[in-house]
Amino acid sequence: MSALALATGSVNLGQGFPDTDGPASVAQAAARAVLEGRGNQYPPGIGIPELRHAVADHQRDWYGLDYNPDTEVLITAGATEAIAAALLGLVNPGDEVIAFEPYYDSYVACIAMAGGVRVPATLQSPTPEQPRWHPDLDALAASITGRTRVLLLNSPHNPTGMVLSAQESRRLAELAVRHDLIVITDEVYEHLVFEGEHVSMAALPGMRERTVVISSGAKTFSFTGWKIGWVTSTPELVAAVRGAKQFLTYVNGGPFQYAIAEALRLPREYYTDLRDDLRARRDLLAAGLAEIGFGVSATEGSYFITTDIRPLGEDDGLAFCRALPERAGVVAIPSVVFYDDKKAGSPFVRFTFCKKTEVLRQALDRLAALNK
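Worth saying up front: this structure is predicted, and the values here are computed from it rather than measured.

(A) Region of the structure containing the pattern of salt bridges. A full pass over the atoms with the stated rule returns 21 salt bridges. A salt bridge links Arg208 to Glu72; the nearest nitrogen and oxygen atoms lie 2.8 Å apart. Of this pair, Arg208 sits in the loop between strand S6 (182-186) and strand S7 (211-216) while Glu72 sits in the loop between helix H3 (49-63) and strand S2 (73-76); the two residues are 136 residues apart in sequence, bridging distant segments of the chain. We note a salt bridge from Asp138 to Arg171, for which the minimum N-O separation is 3.2 Å. Of this pair, Asp138 sits in helix H6 (residues 137-142) while Arg171 sits in helix H7 (residues 166-178), and the two are 33 residues apart along the sequence. By relative accessible area, Arg171 is classed as partly exposed at 27%.

Structure (structure tokens):
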């Protein structure tokens, strides 16, 4: 869809990458590292000490979690590699992996590469009685079998924008403990929560020893091209992830690791300002889409708004998105590509709001053509 946006001159509200860079001080830190010869050769396989210590400090300061930076922190090529290495390192052929549907697309490929069996836990779409995306935890519990190995979670969630509530998180933790499951939790949008509060699964009772926490600097600091991510967990689980990771990229992004180490030590006001700025952009896009006629549900976190096109008289999101560049000069993502259950995903379309305000306004002006 990004290629289609370029080819047609459309406004790209499809792929979730910012159209502005992150803090200049962080970019300057990367430049200094290059010019000073820090990280231009292979960094340590587990990541540079400065970044591992910064990640450990972040987890302690935000969630009260203590990790040993030498044995319980691993630096990866973004969260995507961390997800791949975790699944390849921890899932054996035939193991079942329960994951929220709609899925972030790499989950599907990585579970398949590990030889695992994907078991969908389909999120429930908003209704007048329950106006937010939410998991059916009774159905999820019923899907657990003797072959279930991993619970793969993502909150804030891509693509729906759901943030697990404290009650939902506790119920998931109870299920993981009761059935002795490993939990792999993708928390890359942890600092982009607009409604509610992010709960790190590892901070819940009985969860630290069974949870692999994944995050990255991409979304928090708006440097998605640097691909600096990390894993925090027990020494045994980190070793399993590292065993797969060393045969994927081995190492990456030496100078950028130094820069993200500095970024993680930015003051709390940075995170507050980032959240508030993106909340304002979310509100702008959500209000505009609703005025045009889309069904718009509350985005609690992440970069994305998932809309329902049925109020526009449409029900095929794939056809809608393929035609949208010509009809309105805007690109969006059909949510059906994130579903096994194509019928369930068909009427939904995802837009991203991590763009400049003027770009969002231009997109809304163009989408108004749908009413003509």
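So, next bit.
(B) Spotlight on the sheet that holds S6. The sheet built from seven strands is open, its strands ordered S2-S8-S7-S6-S5-S3-S4 with mixed pairing. On the outer flanks of this sheet lie S2 and strand S4 (117-122), each paired with one strand and no other. For this sheet the average axis-to-axis angle between neighbouring strands, irrespective of direction, equals 20°. Relative to strand S8 (residues 229-232), S7 is paired through four bridges, and the arrangement is antiparallel. Paired with Ser215 across the bridge in S8 is Trp230.

(C) How the structure looks around the sheet that holds strand S13 (residues 348-352). Here we have four strands laid out as an open sheet, ordered S9-S10-S13-S12, and antiparallel in their pairing. A strand with exactly one partner marks an edge of an open sheet, and here the two such strands are strand S9 (295-296) and strand S12 (333-334). The strands that helix H11 (residues 268-292) touches are S9, strand S10 (304-308) and S13; relative to S10, the one it contacts most, it runs at about 10°. The sheet strands contacting helix H12 (residues 317-328) are S12 and S13, and the helix crosses S13 at an angle near 45°.

(D) Representation of H11. Here H11 is 25 residues long and its end C-alpha atoms lie 37 Å apart, about the 36 Å a rise of 1.5 Å per residue gives. For H11, the set of buried residues is Tyr270, Tyr271, Leu274, Leu278, Arg281, Arg282, Leu284, Leu285, Ala286, Gly288, Leu289 and Ile292. Looking at the residues trailing H11, positive phi occurs at Gly293, about 125°.

Calculation notes
Residues numbered from 1 in each chain as written. Predicted model: local features only at pLDDT ≥ 70, side-chain atom pairs only at ≥ 80, totals over all residues. Heavy atoms only, no water. Salt bridge = Lys/Arg side-chain N within 4 Å of Asp/Glu carboxyl O. Helix = DSSP H or I, 4+ residues; strand = E, 2+ residues; numbered from the N terminus. Buried < 20%, exposed > 50% of the residue type's maximum accessible area, 1.4 Å probe, protein only. Pairing = 2+ DSSP bridges. Axes fitted to C-alpha atoms, helices over the stretch in contact; angles between N-to-C directions. Contact = heavy atoms within 4.5 Å. Expected span 1.5 Å × (residues − 1).

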